[in-house]
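What follows is each chain in one-letter form.
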Amino acid sequence: MKGAASAAPFFFPTRSGRMSSSPPLSGLVDSLLVAADEALRALSGAATAARPAPSVADAAPSRPQDRELSGRLMRVNHTGEVCAQALYSGQALVARDASIRRALQLAAAEERDHLAWCRGRIDQLGSHASVLDPLWYAGSFASGVASGLAGDRWSLGFLAETEDQVERHLEGHLERLPEDDTASRAIVRQMREDEARHGATGRALGARELPGPVKAAMRAAARVMTGTTYWI
Ligand SMILES: [Fe+2]
Ligand SMILES: [Fe+2]
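Here's a quick rundown of the structure. What you see as residue numbers is a count from 1 along each chain, following the sequence as written. Both sets of labels track the order of writing: A upward for chains, 1 upward for ligands. Local features in this predicted model are restricted to residues whose pLDDT is 70 or higher, and side-chain atom pairs enter the listing and the counts only when it is 80 or higher, whereas totals over whole chains, interfaces and linings include all residues. Just so you know, side-chain values use all the structure's heavy atoms and leave hydrogens and water out.

So, the coordination of the iron ion (ligand 2)
Piece 1. At the metal site, the iron ion (ligand 2) is ligated by E111 (OE), E163 (OE), E163 (OE), E195 (OE) and H198 (ND1), and these contacts range over 1.8 to 2.4 Å.
Piece 2. Donor atoms (N, O, S) are those found within 2.8 Å of the metal centre, with the cutoff raised to 3.2 Å for Na, K and Ca; water is not part of the atom list, so apparent gaps in a site can occur. Here the donor residues of the iron ion (ligand 2) share one chain and are spaced in sequence as E-x51-E-x31-E-x2-H.
Piece 3. Between the iron ion (ligand 2) and the iron ion (ligand 1) the interatomic distance comes to 4.0 Å, and E111 is a ligand of both metals. Taken as a pair, E163 in helix 6 (residues 152–176) and E195 in helix 7 (residues 182–204) lie far apart in primary sequence, 32 residues in all. Of the two residues, E163 and E195, both sit in the buried class. Only DSSP runs of H or I covering at least 4 residues are called helices, and only runs of E covering at least 2 are called strands; the numbering of each starts at the N terminus. Relative accessibility thresholds used throughout: buried, under 20% of the residue-type maximum; exposed, over 50%; partly exposed, between the two (1.4 Å probe, protein chains only).

See the structure below:
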């Protein structure tokens with residue numbers, strides 16, 4: 001064993017026996033692998049929903065311009081759910097408290113339903129996911145890690161504020177989605193209900209209120225995201 005360790009490449013020191021005798025490091029490697037798996041699932045469209053889609057109807061709006069509008073709005077919502085996966089994944093990676101990590105993972109499971117529902121609806125509408133999704137995933141993951149490193153209560157505050165902003169955004173989409181797009185409307189309504197519960201859970205777990213400038217920066221980033229993914 002000693003011989004094998006000394007023969008290990010110099011630039012891969014952690015491949016020696018140190019890795020197996022160091023639970024925190026192997027735990028981190030496991031967590032990073034889980035995070036990478038979550039990223040691939042979110043970005044490849046391989047995420048599957050645990051709950052059935054909120055509407056059994058799958059018809060697209062009758063007018064072509066309404067179909068186009070629904071496709072664009074649901075693409076924006078899909079990217080929002082890609083960001084939610086990234087955010088929760090980043091936060092769970094560095095969460096200190098096990099009960100908070102568990103709550104993040106439960107909420108992330110519901111976000112996975114949203115992601116799969118939006119993806120399915122985009123396909124039904126003949127639209128496509130945004131080409132910018134990998135970029136937004138990376139940014140949201142970094143935000144999740146950063147808020148998590150600031151401490152669990154700040155992380156929960158970031159989560160609660162995100163969910164509040166998403167809830168208001170979804171209310172806006174319910175006003176814009178064509179009346180005869182019952183399937184998209186049912187998805188957005190269920191998402192809005194779930195996001196409100198995620199925000200309330202974050203507050204119940206001790207979320208701190210974010211400073212005004214941070215909330216404003218989050219709104220600005222969300223405007224850039226929704227404005228760009230509406231088109232591409
Ligand atoms: Fe969601
Ligand atoms: Fe949510």
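Describing the pattern of salt bridges
Side chains that differ in sign of charge can pair as their charged atoms come close.
Piece 1. The working definition used for a salt bridge is a side-chain nitrogen of Lys or Arg within 4 Å of a carboxyl oxygen of Asp or Glu. Counting across every chain of the model gives 12 salt bridges.
Piece 2. Here D194 and R51 are joined by a salt bridge, their closest N and O atoms 2.8 Å apart. With D194 in helix 7 and R51 in the loop between helix 2 (23–44) and helix 3 (64–94), this residue pair connects regions lying 143 residues apart in the sequence.
Piece 3. Overall, R51 belongs to the partly exposed group, its relative accessible area being 25%.
Piece 4. With a shortest N-O distance of 3.9 Å, E179 and R185 are connected by a salt bridge.
Piece 5. Here E179 falls in the exposed class, since its relative accessible area comes to 63%.
Piece 6. The structure contains a network of salt bridges with shared partners spanning R51, E110, D113, D194 and R197.

Taken by themselves, the reported measurements are silent on function.
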